[in-house]
Amino acid sequence: MAYPDTRMRRMRRDDFSRRLMRETSLTTDDLIYPVFVHEPSGRAPVPSMPGVERVSIDELLRVAETASELRVPALALFPVTAPEAKSLDAAAAWDDEGLCQRAVRALKARFPQLGVITDVALDPYTSHGQDGLVDADGYVVNDDTVEALVRQALSHARAGADVVAPSDMMDGRIGAIRVALEAEGFAHTRILAYAAKYASAFYGPFRDAVGSASALGKADKKTYQMDPANSDEALREVALDLDEGADMVMVKPGLPYLDIVRRVKDHFGVPTFAYQVSGEYAMLKAAAANGWLDERACALEALLAFRRAGADGVLTYHALDAARWLRGN
Ligand code: PBG
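Remember, predicted model here, so these are calculated numbers, not experimental data.

*Asks:* What am I meant to see in the site of the ligand here?
*Replies:* As a matter of local geometry, the ligand sits amid D119, A121, D123, D131, S167, Y203, F206, R207, K221, V277 and S278. Of the residues in the shell around the ligand, the class split is four nonpolar, two polar and five charged.

The structure is reproduced here in structure tokens:
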């Protein structure tokens, strides 16, 4: 059917018909809020992430209250470890009295209905800032790291985490964690696998926030995180993680990787999440601060784009703002 029988602008003419033909939606149900938790009392700003703060457990409860009121389904916790608590063996990661574990217990005691997701990876706890244990050459060794990750995930589950989210990219860790959770009576603890996590430069502000940037120095994570050039490899990673027992899979970073989100969703049809990472947030904030972009409009557009690409939900530092904006709509 050719013009003028077909006029694409007819349906765009009025708000009512635009609303009727809208294919995707963004709601508060689609948002997960990442929170940095630290040991000192109070809050401390993260300079490269305006509007984001590291919070004490007391303040975390306030954040959780706000998230609950806004009906954001879940928080994702990222602990900031004091330099003296970091070590080569990352033992602080599975300390049942560790910051992360205490934070989970405090949250689940006060806000049982709010989902709590914990990060399973050793980088906050290693003195070298890598996500795993290293050998004499500094190479991150796979199987010993998986054993440590299992200890960490079990410790999170004991504290009451609803979802453990391995973000380390070791081979075989999903299966090992699943088996251990089942064996220890945590059949209901979900696994959100960072299945396709790329070795990205967009994580910079996050590493500042958790203090792993200085530990990592000039080193990178390319021997375990994926090459940004690859897409078929992401499907293999997702297939493995699902096979090993992942309940949800994640693609990370977000906006530059929406093609991966779409392929994963089309191919597997499983709960698929995307992480709009710290660098993406920082870019938008910087442009908005200069008056170059409209923060609210751009943030909501970007989040809707994740949904259009097939994401069931998005981890975003804009989650609370977006929930408020959506409520105002
Ligand atoms: C590390 C981890 C990283 C992020 C989440 N978990 C950084 C990294 O892999 O170096 C990045 C999140 C962000 O940039 O917002 N396990």
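*Asks:* Honestly, the pairing of strand 4 (residues 74-79) in this entry has me stumped. Any pointers?
*Replies:* Side-chain direction in a regular strand flips from residue to residue, so the side chains alternate between the two faces of the sheet. Burial analysis of strand 4 places five of its six residues in the buried class, which makes it a mostly covered element. Alignment of strand 1 (residues 31-37) against strand 4, held across six bridges, turns out to be parallel. Looking at the pairing, P34 lines up with A76 of strand 4. Inspection of the sheet shows strand 4 paired to strand 5 (residues 115-120) by four bridges, in the parallel sense. Directly across from A74, in strand 5, lies its bridge partner G115. Taken together, strand 4, helix 4 (residues 99-110) and strand 5 constitute a β-α-β crossover, and its handedness is right-handed.

*Asks:* Sorry if this is basic, but what is going on with the packing of helix 4 against helix 5 (residues 142-159) here?
*Replies:* For any two helices packed against each other, the geometry comes down to the angle between their axes and how far apart the axes lie. Two elements in contact, helix 4 and helix 5, have axes whose closest approach is 8 Å; the angle formed by their N-to-C orientations is 25 degrees. Overall, the two elements helix 4 and helix 5 adopt an arrangement that is roughly parallel. For the crossing formed where helix 4 meets helix 5, the hand is right-handed. From helix 4, C100, Q101, V104 and R105 reach across to helix 5, where they touch S155, H156 and A159. For the contact of helix 4 with helix 5, the residue count by class is three nonpolar, three polar and one charged.

*Asks:* Honestly, helix 3 (residues 57-69) in this entry has me stumped. Any pointers?
*Replies:* In an α-helix, one full turn covers 3.6 residues, which means residues spaced three or four apart are oriented alike. In this model, helix 3 (13 residues) spans 18 Å end to end at C-alpha, consistent with the 18 Å of a helix rising 1.5 Å per residue. Listed as buried for helix 3 are L60, A64 and A67. Along the axis of helix 3, the buried residues cluster in a sector spanning 60 degrees; they form a single face. Residues of helix 3 that are exposed and point over 90 degrees away from its buried face: D58, R62 and E69. Those residues of helix 3 that are buried lie in contact with strand 1, strand 3 (53-55), strand 4, helix 4 and helix 13 (319-328).

*Asks:* It is not clear to me how unusual backbone geometry should be interpreted in this structure. Could you clarify?
*Replies:* With an omega dihedral of 10 degrees, the bond running from Y3 to P4 counts as a cis peptide bond. Locating P4 in the fold gives a position in the segment before helix 1 (9-12). The linkage connecting K252 with the following residue, P253, adopts the cis geometry, with an omega of -5 degrees. Along the chain, P253 falls in the loop between strand 8 (248-252) and helix 10 (258-268). Even without a glycine there, the phi angle at R71 is positive, about 65 degrees. Mapped onto the fold, R71 is located in the loop between helix 3 and strand 4. Judged by local crowding, R71 falls into the partly exposed class, with 14 C-beta atoms found within 10 Å.

*Asks:* Please clarify how helix 11 (residues 278-289) should be interpreted in this entry.
*Replies:* Here helix 11 is 12 residues long and its end C-alpha atoms lie 16 Å apart, about the 16 Å a rise of 1.5 Å per residue gives. The complete set of buried residues in helix 11 reads S278, G279, E280, Y281, A282 and K285. Contacts made by the buried residues of helix 11 are with helix 7 (204-210) and strand 9 (272-276). Looking at the residues trailing helix 11, positive phi occurs at G291, about 75 degrees.

Analysis parameters
- Residues numbered from 1 in each chain as written.
- Predicted model: local features only at pLDDT ≥ 70, side-chain atom pairs only at ≥ 80, totals over all residues.
- Near = placed C-beta within 6 Å.
- Nonpolar A, V, L, I, M, F, W, Y, C, P; charged D, E, K, R; others polar.
- Buried ≥ 20, exposed ≤ 12 C-beta atoms within 10 Å, placed from the backbone.
- Helix = DSSP H or I, 4+ residues; strand = E, 2+ residues; numbered from the N terminus.
- Pairing = 2+ DSSP bridges.
- Right-handed = clockwise from strand over helix to strand, strands pointing away.
- Axes fitted to C-alpha atoms, helices over the stretch in contact; angles between N-to-C directions.
- Parallel < 35°, antiparallel > 145°, perpendicular 65-115°, else oblique.
- Left-handed = near helix turned anticlockwise from the far one by under 90°.
- Contact = placed C-beta atoms within 7 Å.
- Expected span 1.5 Å × (residues − 1).
- Arc of directions from axis to C-beta.

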